[in-house]
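Take a look at the letters that make up each chain.
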4 protein chains.
Amino acid sequence: MIKVGIVGGTGYTGVELLRLLAQHPEVEIEAITSRSESGVGVSELYPNLRGHYDDLVFSPPDPDRLGKCDAVFFATPHGVAHALAAELLERGTRVIDLSADFRLRDAEEWAHWYGQPHGAPALLEQAVYGLPETNREQIREARLIAVPGCYPTAVQLGLLPLLESGLIDTDHVIADCKSGVTGAGRGAKVPSLLAEASESMKAYGASGHRHLPEIRQGLSDAAAGPVGLTFVPHLTPMIRGIHATLYGRLTAEPGDLQTLFESRFAGEPFVDVMPMGSHPETRSVKGANLCRIAVHRPGDSDTVVVLAVIDNLVKGASGQAIHNLNLMFGCDETAGLAAPALMP
Amino acid sequence: MIKVGIVGGTGYTGVELLRLLAQHPEVEIEAITSRSESGVGVSELYPNLRGHYDDLVFSPPDPDRLGKCDAVFFATPHGVAHALAAELLERGTRVIDLSADFRLRDAEEWAHWYGQPHGAPALLEQAVYGLPETNREQIREARLIAVPGCYPTAVQLGLLPLLESGLIDTDHVIADCKSGVTGAGRGAKVPSLLAEASESMKAYGASGHRHLPEIRQGLSDAAAGPVGLTFVPHLTPMIRGIHATLYGRLTAEPGDLQTLFESRFAGEPFVDVMPMGSHPETRSVKGANLCRIAVHRPGDSDTVVVLAVIDNLVKGASGQAIHNLNLMFGCDETAGLAAPALMP
Amino acid sequence: MIKVGIVGGTGYTGVELLRLLAQHPEVEIEAITSRSESGVGVSELYPNLRGHYDDLVFSPPDPDRLGKCDAVFFATPHGVAHALAAELLERGTRVIDLSADFRLRDAEEWAHWYGQPHGAPALLEQAVYGLPETNREQIREARLIAVPGCYPTAVQLGLLPLLESGLIDTDHVIADCKSGVTGAGRGAKVPSLLAEASESMKAYGASGHRHLPEIRQGLSDAAAGPVGLTFVPHLTPMIRGIHATLYGRLTAEPGDLQTLFESRFAGEPFVDVMPMGSHPETRSVKGANLCRIAVHRPGDSDTVVVLAVIDNLVKGASGQAIHNLNLMFGCDETAGLAAPALMP
Amino acid sequence: MIKVGIVGGTGYTGVELLRLLAQHPEVEIEAITSRSESGVGVSELYPNLRGHYDDLVFSPPDPDRLGKCDAVFFATPHGVAHALAAELLERGTRVIDLSADFRLRDAEEWAHWYGQPHGAPALLEQAVYGLPETNREQIREARLIAVPGCYPTAVQLGLLPLLESGLIDTDHVIADCKSGVTGAGRGAKVPSLLAEASESMKAYGASGHRHLPEIRQGLSDAAAGPVGLTFVPHLTPMIRGIHATLYGRLTAEPGDLQTLFESRFAGEPFVDVMPMGSHPETRSVKGANLCRIAVHRPGDSDTVVVLAVIDNLVKGASGQAIHNLNLMFGCDETAGLAAPALMP
């Protein structure tokens, strides 16, 4: 069995790790940490887990105990993982960080967007960006994984085939994204109240969002050059799900777009290219580690529209983190991730 | 492997059977039938199943093909199962009926509530009411199972300990129940539209609902005498879940109510008695085959309040049907039913 | 014009007063106070009011300024109104308190339920309980109004006809109530998040809720004797609305229940007795100052079921407060309260 | 008083006309027609109207009776208004059509998108497109109004200032729109069920939607030349509201975009230009005849993003229709349209 620890397990990505790992045949939870909830049983905080982890109690983060784990997931706010990750890596524990702490290769840019100096710039070189569809082999060997953000996962998977094949104008890519409220986390904030967020739709961060540099970095890698991206996220009145609507201007006759997408993701266990002209629904991936994608070319114009949906807590966070674990430890890639989405 | 068929698989209980059976190690789907969707792939109708049943196509009900199954689930409207169930039983196929067709022991009462004569009264004697918490041993040997309705499951589990122990006035039992809209099925009806049913709460059938005689039959068995029940169901703006709020008047000093409930359900894999005074949430069982129960005695009055929650499509339908299958075929009772609820 | 002030205007009942008073022909807002938002424009906090109160800014509570008002609404948490209300009354300003501070006649009982001594027991004698359907004439003359709570309004209106006529057993009255999340206010609490409260149903305070003594006081007045009430509130996944399902046991042949209710509320502008056997929906009163009621007698048993719906922020709070104002100042009772509910 | 009739009053735009007109001081309803609900009282179908139109009953469409009206609203599916509108116009009754029947100037294009020949091409010349912000003076004199569609209203208002001033590339305009489910009407369709549409987000008609030619026509008028538009609508899990996110590529230094928008809509009673960088919420216009707009220029790039929100049933349909009526009959433009939005 693979011994894993979870640091900062009280948030939505933490409980989602527990929900999914309960079905993983090769993993056992060694420790789950929380400063605020220390001493509380996980099933007290998350009654859906009653009967699954009845002896598992939140404990204060203890490097000695975590250092005994084969792998530790960080489900922490940005800035928290830097110091402890370094210490665990020295002890030989592999780190899978769900936060933004190691996603940007440039510590300066990280400091700019997160308003504080980067706490472990020396680790950036060994950090592997945990998007299996682009970095599968590096992930297998990695000691430190930066799990992609939710928006970046949906936007990159939807645009990779077009950018890698040089088919669209890289100066004017548009990503209009809609997210459920769990994307804002479990913090008690007025805008996230049911009375404030339901029965309404709004954009936020339209002038600049922290996921922008991460997305740009990934798209620029794919395009082998800078990509000019306009990214507008929207808060949608639902619990889970991201719908990315992506617009690119064709610079050449693209040939068969459907074949392009299907061949790019052939054999990928967690990317589903739907028939040309489909309209994927976020509920079709609710609770599942999947990205469903459909391509449109409205009126045979020079604009291609890609629709990509994920569950922000699964393929956009905890599920993708477990996919990385499976690759790092030689498990079946789908271990713990095989259940169908919950629909209706 | 156990070969199973599903009759009437296009509704919500049909797709839920497929979602759960995809995780069952000992079952394979031999056939799924639908007159309206014959020839359509299940994953076309239910995209959440893409990648799980890609070769499974709805076919017209064919007794010969269904007769080759070890067990056939009926996920049909009332009145449909009567004739075909008889034919399949003759061929030696076991029948697990999720509809109301075999729930009432009295064919006359069935005819009264369903407005048509009962189509197979001769089968009523061998039909076993599929509530494992009361009929486990008969279920193991049964050829024909009547899976309890969603409201009846929640109400009976919440009241059994009180009625079996003769602690409450059987003349005035009240069940105030709240259900998500999937309880109304997948039919295209105006009252079930999001624009009509969301942001609102209403009672329905307050003067008489078809689940009333089924609940009364079960409660009267437990009380070994007639039970006077007032049952008011409510339509709640959510997809899944039933919350039963049950009121009984104590006729004797009850002793320790918590111990009464815990001992009644000791060892039951799918009933969770929460600590006295808890408030179970329907979301804590979303997608899971569980009934969570909590007991209250407000102000030490003579009124006991029991709160019971289930997912109407799982413990209230498809999950309980699979639990019956597991008992009938000697599988682990939790096979296919072990995943935690989806929360948040 | 009637000069009014609003103390504690940042919460949902405060903004609802502004929304409704914007349509009131005889009222002008003199001041709206808030310590936390002092200096902020009301339309910055509530964009729905942009264009209606563009010059109205939250200011710190100032007795001199408020004392210039003809009437002051308190939309404050419990315990806040006690001292300031006394001061304003001395200055001749009439007070309409939407909080719980003056609802209970017994200062001891108030202290017990609210965990602090009552701050102005001397005022309790002159406080009038602002339920126009029972206290219309006293309200006209009142200097200090205690606006009823949301649950108490729905439960009392639904049970008054039965209790006043002595038709039901007063020892065992049951009120099973369902409320939207605005009932919990605008406070940033985890259980009120969309991600926590939507797609779920749960009871709360089943062992004792602060509205219980208020409801009991009102029902006992109607019954001219003590009433044994079991009250279980539930959190429903919607923004607005209360659905009260009320159960009483008939102690005598009631005659025509429909006529009883219709005659009791004849001429009441804000109570709508629907045809016997109807199922009122909370959305049918969304945004409107109305209580819709329907009566059921299931199976001609000895149990009568009353269904009553209101908008907790209107007939359950701000609308009823304005109804009181209209009575106190001789306006048309429906001034500012005439718009139909928003449906769908 | 202005005598008005409503043809096809059972749908959401019909009931919304009644809700708003109940507050209009100069209008009385002469007749409301419906073939399917003939003989039914409007308050039976829409309980929110109980107490407002208790004597108003749906009747079959009768040209003689409707011909006695000063104005008749058509709230009918496309294709229905053609013949009857012609007859009423001959009788001197003014027609305000909420359907798509007279929105496109080109009968051929109408036939192409609606799959049937246009039923009254001769009327197209006199039909006035009822967008007051562009056609106020023609509306005053009009006999026949084509009320703009919901998406076209939001998209045109958001883009007019940019196109009229020639600031953006007209070849590549993108409108990513999100609509609540009432946009799909009151028809009983499976995809509109709460169980199907809630907790999910999806695009639809991404390869071509019937509102596309209407929007293109309006934008091309503003740009004085053809506009290449990519329009992708999305179904959002809420009842009301449209959020249009509009992307244009600047072709010149735009100067002060905020001033551009504010001056374009100066004096418009129903357009609210919010401060630069704001994020309007659809709930801030729920039930109100308003379009709120905010402009963004992310990272000072050459892409301008405009956010525009409306209530699809009010500014996107019935409210705008009444605005047209007010202009046609010399009423105050805000008559019946002055109430603030319902929030929360």
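These numbers come from a predicted model, not from an experiment.

Procedures and definitions
- Residues numbered from 1 in each chain as written.
- Chains lettered and ligands numbered in written order.
- Predicted model: local features only at pLDDT ≥ 70, side-chain atom pairs only at ≥ 80, totals over all residues.
- Heavy atoms only, no water.
- pLDDT = per-residue confidence, 0-100.
- Domains from an automatic or database assignment.
- Contact = heavy atoms within 4.5 Å.
- Buried area = accessible area lost by both parts, 1.4 Å probe.
- Salt bridge = Lys/Arg side-chain N within 4 Å of Asp/Glu carboxyl O.
- Polar contact = N/O pair within 3.5 Å; in protein donor to acceptor, adjacent residues only side chain to side chain.
- Helix = DSSP H or I, 4+ residues; strand = E, 2+ residues; numbered from the N terminus.
- Nonpolar A, V, L, I, M, F, W, Y, C, P; charged D, E, K, R; others polar.
- Expected span 1.5 Å × (residues − 1).
- Bend = angle between axes of the 7 residues up to and from the residue.
- Buried < 20%, exposed > 50% of the residue type's maximum accessible area, 1.4 Å probe, protein only.
- UniProt positions renumbered as here; feature names shortened; annotations may be inferred.
- Right-handed = clockwise from strand over helix to strand, strands pointing away.
- Pairing = 2+ DSSP bridges.
- Phe/Tyr/Trp six-rings, centres within 6.5 Å; stacked < 30°, edge-to-face > 60°.
- Lys NZ or Arg CZ within 6 Å of the ring centre and 35° of its normal.
- Least-squares fit on C-alpha atoms with pLDDT ≥ 70 in both.

All right, on to the confidence of the model for chain A then. Chain-level statistics for chain A give a pLDDT mean of 97 and a share of 100% at 70 or above. Scored as a complex, the prediction yields pTM 0.98 and ipTM 0.97.

The next point concerns the domain arrangement of chain A. Residues and elements named next belong to chain A. As far as domains go, chain A holds domain 1 (2-129) and domain 2 (151-312). The interface of domain 1 with domain 2 comprises 15 residues on the first partner and 17 residues on the second. In total, domain 1 and domain 2 occlude about 1,500 Å² of area from one another, counting both sides; carbon and sulfur atoms represent 46% of this. The three residues of domain 1 that bury the most area against domain 2 are Tyr12, Trp113 and Tyr129, which together make up 40% of that side's buried surface. Our count for the contact surface shared by domain 1 and domain 2 stands at four salt bridges. Between Glu109 and Arg216 there is a salt bridge, and its shortest N-O distance comes to 4.0 Å. Seen at the junction of domain 1 and domain 2, the total is eleven residue pairs in polar contact (both at pLDDT 80 or more). For the side of domain 1 that touches domain 2, the secondary-structure elements that each account for two or more residues are α1 (12-21) and α5 (107-114). In terms of residue count, the dominant contributor to the side of domain 1 that touches domain 2 is α1 (four residues). For the side of domain 1 that touches domain 2, the class distribution of residues is eight nonpolar, two polar and five charged.

All names here are of chain D. Along its 15 residues, helix α11 (residues 314-328) runs just 18 Å from first to last C-alpha, ending more than 12% under the 21 Å computed at 1.5 Å per residue. The principal kink in α11, of about 45°, is found at Gln320. Extensive coverage of α11 is indicated by the burial of 15 of its 15 residues. Where α11 ends, the next residue or the one after it, Gly330, has phi of about 70°, a positive value.

So, on to the UniProt feature "domain: Semialdehyde dehydrogenase NAD-binding" (unreviewed entry) in chain A. In the UniProt entry, the feature "domain: Semialdehyde dehydrogenase NAD-binding" (unreviewed entry) is given for residues 3-142 of chain A. Regarding residues 3-142 of chain A, the helix share stands at 34% and the strand share at 18%, and the terminal C-alpha atoms are separated by 17 Å.

Bringing the pairing of strand β1 (residues 2-7) of chain D into the picture now. Consecutive side chains along a regular strand alternate between the two faces of the sheet. Residue and element names in this part refer to chain D. Extensive coverage of β1 is indicated by the burial of five of its six residues. Once the chain exits β1 it traverses helix α1 (residues 12-21) before rejoining the sheet at strand β2 (residues 27-33), and the crossover so formed is right-handed. Alignment of β1 against strand β4 (residues 71-74), held across four bridges, turns out to be parallel. Looking at the pairing, Ile6 lines up with Phe73 of β4.

We now examine the interface of chain D and chain A. Every contact between the two is made by 43 residues of chain D and, on the other side, 42 residues of chain A. If you look at where chain D meets chain A, you find four salt bridges. Lys178(A) is paired through a salt bridge with Asp176(D); the nearest N and O atoms lie 3.0 Å apart. The interface formed by chain D and chain A contains 29 residue pairs in polar contact (both at pLDDT 80 or more). Taken together, the elements giving at least two residues each to the side of chain D that touches chain A come down to β8 (173-179), α8 (194-197), β9 (202-203), β10 (229-235), β11 (242-249) and β14 (303-310) of chain D. Residues that form the side of chain D that touches chain A fall into these classes: 17 nonpolar, 14 polar and twelve charged.

Moving on, we get to the pattern of salt bridges. Close approach of charged atoms allows side chains with opposite charge to pair. Considering all chains together, one arrives at 86 salt bridges over all chains under this definition. Across the pair Asp311(A) and Arg240(A) runs a salt bridge, and its minimum N-O distance is 3.0 Å. Of the two residues, Asp311(A) is situated in the loop between β14 (303-310) and α11 (314-328) and Arg240(A) in the loop between β10 (229-235) and β11 (242-249); the sequence distance between them amounts to 71 residues. For Arg240(A), a relative accessible area of 3% corresponds to the buried category. Here Glu16(C) and Arg19(C) are joined by a salt bridge, their closest N and O atoms 2.6 Å apart. Linking Glu16(C) with Arg19(C), this pair stays in helix α1 (residues 12-21), spanning three residues, or about one helical turn. What you see here is one network of salt bridges that share partners, running through Glu16(A), Arg19(A), Arg240(A) and Asp311(A).

Counted under the stated rule, the structure contains eight aromatic pairs over all chains. The interplanar angle of 25° and the centroid separation of 4.9 Å between the aromatic rings of Trp110(C) and Tyr114(C) together place this pair among those described as stacked. Of this pair, Trp110(C) and Tyr114(C) are both found in helix α5 (residues 107-114), four residues apart, which corresponds to roughly one turn of the helix. The same class applies to Trp110(C) and to Tyr114(C), which are both buried. Consider the rings of Tyr151(D) and Phe231(D), whose centres lie 5.2 Å apart with planes at 70°: the pair is edge-to-face. Of this pair, Tyr151(D) sits in helix α7 (residues 150-164) while Phe231(D) sits in strand β10; the two residues are 80 residues apart in sequence, bridging distant segments of the chain. For Tyr151(D), a relative accessible area of 2% translates into the label buried. Phe231(D) sits in the buried class, given a relative accessible area of 5%. Above the ring of Phe329(B), the side-chain terminus of Arg94(B) is found at 5.1 Å from the ring centroid.

Turning to the relation of the copies chain D and chain C, a few remarks are in order. Of the two same-sequence chains, chain D is brought onto chain C (RMSD 0.0 Å, axial shift 0.0 Å) by a rotation of 180°. A rotation of that kind, with that shift, is consistent with a two-fold axis.

Between chain D and chain C, the residue contacts involve 34 residues of the former and 34 residues of the latter. When the shortest N-O distance is used, the salt bridge between Asp272(D) and Arg50(C) registers 2.6 Å. In this structure, the connection of chain D to chain C is made through eight residue pairs in polar contact (both at pLDDT 80 or more). Within the residue set of the side of chain D that touches chain C, elements represented by two or more residues are α1 and β12 (271-273) of chain D. Broken down by element, the side of chain D that touches chain C gets its largest block of residues, four residues, from α1(D). Classifying every residue of the side of chain D that touches chain C gives 18 nonpolar, seven polar and nine charged.

Here we take up the relation of the copies chain D and chain A. Related by rotation about an axis and a shift along that axis, the two copies of the chain form a pair. Aligned on chain A, chain D shows an RMSD of 0.0 Å; the corresponding rotation is 180° and the shift along the axis is 0.0 Å. Both copies contact each other with a shared surface, as 98% of the interface residues of chain D are interface residues in chain A too.

This part is about the environment of Leu342(A). Among the structural elements, Leu342(A) can be located in the segment after α11. Its relative accessible area of 5% is what places Leu342(A) among the buried residues. Distance in space between the C-alpha atoms of Leu342(A) and Leu159(A) is 27 Å, their sequence separation being 183 residues. Ignoring sequence-local partners within four residues, the contact set of Leu342(A) consists of Arg283(A), Lys286(A), Glu16(B), Arg19(B), Arg240(B), Lys286(B), Gly287(B) and Leu342(B).

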